[in-house]
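# Structural overview for review
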Amino acid sequence: MSKSGKSSPPVVMISGANRGIGLAIAHRLHEAGYALSLGSRHSATLLPGVQQCHYDARDADSARQWVADTLERHGRLDAVVHCAAILKAVSLEDGREEDLRELLEVNVLGSWRLAQACYPALKTHGRGRFVQLVSMSGKRVKGTGCGYPISKFAQLAISQCVRNTGWEHGVRAISICPSWVNTDMARDVCKLPADTLTQPEDVARIVQLLLELPNEAAIDEIKINCALETC
Ligand SMILES: NC(=O)c1ccc[n+]([C@@H]2O[C@H](COP(=O)([O-])OP(=O)(O)OC[C@H]3O[C@@H](n4cnc5c(N)ncnc54)[C@H](OP(=O)(O)O)[C@@H]3O)[C@@H](O)[C@H]2O)c1
């Protein structure tokens, strides 16, 4: 998705853009000259002059409407970076089914709905990108927390479905799998000092690189660790 030689910059939708990793990606891509469409549940201005749309992962209509609004304003869609998700503690021994349902509703169905909504636009021009913030919890299960990893394994599968479905149309799907990133999500549960975690700005640098690689250098998953993992 090189910006050189094009009359208009690539158009990127970012979910969860109001804070955390999504906001860091929005700042990075905005500074790099991308045209953005930011999705969140809030109306406060995030970046002046940048399109902002209502997006709630629980609502399939909001995903479809966000894509439609993006196409109406920009006339095309080059990439989607899906960052919206929740983390809740759900263990096998005393996990509540309603908490697992909430994780599946937001993290899995939210991803599915957005993938379905954006795919028709991504496959039209031979260079579509579908990037998801998954997690190392989509690669392995550490300890006794089950609900979040279950949702992230499923989210990884959605990336792989998009990859397989879109490959011949030039769509490349990428799962980014960090361990701990210094955001509200980690602050709620991780005891490590903030400066020892991966910083959201570094995830944003990686996302920009992934967006700019050609179809023929397709990366499907990228694992990012702030501490040694040997498995
Ligand atoms: N932080 C980490 O350690 C870490 C590690 C691995 C992977 N990840 C993944 O990276 C992604 C971004 O996480 P983060 O660290 O930036 O988390 P965060 O700071 O908690 O931000 C979560 C974002 O998701 C949005 N969101 C939650 N529920 C939503 C819904 N129903 N509809 C629309 N937006 C919703 C939040 O919006 P509101 O403000 O409206 O709630 C917020 O923008 C997630 O997929 C997360 O699982 C994070």
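Refer to the structure presented above.
This report concerns the structure included in the present document. (Residues numbered from 1 in each chain as written. Predicted model: local features only at pLDDT ≥ 70, side-chain atom pairs only at ≥ 80, totals over all residues.)

What follows concerns the overall build of the protein. If you tally the helices and strands in the protein, you get 6 helices and 7 strands. When the helices and strands of the protein are read in sequence order from the N terminus, they spell out β-α-β-β-α-β-α-β-α-β-α-α-β. Taken against the 2.2 N^0.38 rule, which gives 17 Å for 231 residues, the C-alpha radius of gyration of the protein at 17 Å falls within 12% of a compact globule. Its C-alpha atoms give the protein principal-axis dimensions of about 55 × 40 × 35 Å. Each of the 231 residues in the protein was classed as buried or not, and the buried ones make up 43%. (Helix = DSSP H or I, 4+ residues; strand = E, 2+ residues; numbered from the N terminus. Rg over C-alpha atoms; globule rule 2.2 N^0.38 Å. Buried ≥ 20, exposed ≤ 12 C-beta atoms within 10 Å, placed from the backbone.)

This part is about the sheet that holds strand β6 (residues 172-178). One open sheet holds the 7 strands; their spatial order is β3-β2-β1-β4-β5-β6-β7, and the pairing between them is parallel. This sheet does not close on itself; its edge strands, each paired only once, are β3 (51-54) and β7 (221-224). Taking each pair of neighbouring strands and ignoring which way they run, the sheet shows an average axis angle of 15°. Judged from the 3 bridges that link them, strand β1 (residues 11-15) and strand β4 (residues 79-82) form a sheet pairing that is parallel. Counterpart to M13 in the pairing with β4 is V80. Sheet strands touched by helix α2 (residues 60-74): β1, β2 (35-40) and β3. Its angle to β3, the strand with the most contacts, is close to 155°. (Pairing = 2+ DSSP bridges. Axes fitted to C-alpha atoms, helices over the stretch in contact; angles between N-to-C directions. Contact = placed C-beta atoms within 7 Å.)

This part covers the pairing of β1. Among the 5 residues in β1, 5 count as buried, and that is most of the element. The alternating pattern of β1 places V11, M13 and S15 and V12 and I14 on opposite faces, both of which are buried. Of the strand pairs in this sheet, β1 and β2 are connected by 5 bridges, and their pairing is parallel. The residue bridging V12 from the neighbouring strand is L36, located in β2. Following the backbone out of β1, through helix α1 (residues 20-31) and into the adjacent parallel β2, one traces a crossover that is right-handed. (Right-handed = clockwise from strand over helix to strand, strands pointing away.)

The next thing to look at is the environment of P193. Position of P193 relative to the elements: it lies in the loop between α5 (184-187) and α6 (200-212). The sequence separation of P193 and N182 amounts to 11 residues, and the corresponding C-alpha distance is 9.1 Å.

To continue, consider the packing of α1 against α6. Helix packing geometry: the angle between the two helix axes and the distance between the axes. One way to put it is that α1 packs onto α6 with a least axis distance of 8 Å and a crossing angle of 55°. One element, α1, and the other, α6, form an angle in the oblique class. Every pair of crossing elements has a handedness; the one defined by α1 and α6 is right-handed. Residues G20, I21, A24, I25, R28 and L29 of α1 form the contact with α6, whose own contacting residues are P200, E201, V203, A204, R205, V207 and Q208. Of the residues belonging to the contact of α1 with α6, the class tally is 8 nonpolar, 2 polar and 3 charged. (Parallel < 35°, antiparallel > 145°, perpendicular 65-115°, else oblique. Left-handed = near helix turned anticlockwise from the far one by under 90°. Nonpolar A, V, L, I, M, F, W, Y, C, P; charged D, E, K, R; others polar.)

A few words now on the nonpolar core. Ranked by internal contacts, the top residues of the largest apolar core, which has 56 residues, are I14, I25 and C118. Excluding residues that lie within four positions of it along the chain, I14 makes contacts with G22, I25, A26, L36, L38, G39, V81 and C83. (Core = buried A, V, L, I, M, F, W, Y, C linked by C-beta atoms within 7 Å.)

Not every one of the 27 residues close to the ligand is listed here, only the nearest: G16, G20, A84, A85 and T183. Of all elements in the fold, only α1 and α5 reach the threshold of two or more residues within the shell around the ligand. Here the shell around the ligand is composed, by residue class, of 14 nonpolar, 8 polar and 5 charged. (Near = placed C-beta within 6 Å.)

Attention now moves to α2. The first and last C-alpha atoms of α2 sit 21 Å apart over 15 residues, in line with the 21 Å expected at 1.5 Å per residue. Those residues of α2 not exposed but buried are S62, A63, W66, V67 and T70. Take α2 and look down its axis: the buried residues cluster within an arc of 140°, on one side only. Residues of α2 that are exposed and point more than 90 degrees away from the buried face comprise D61 and E72. Turning to α2, the residues buried within the fold contact β1, β2, β3 and α3 (97-122). In the stretch just after α2, G75 is the one whose phi turns positive, near 80°. (Expected span 1.5 Å × (residues − 1). Arc of directions from axis to C-beta.)

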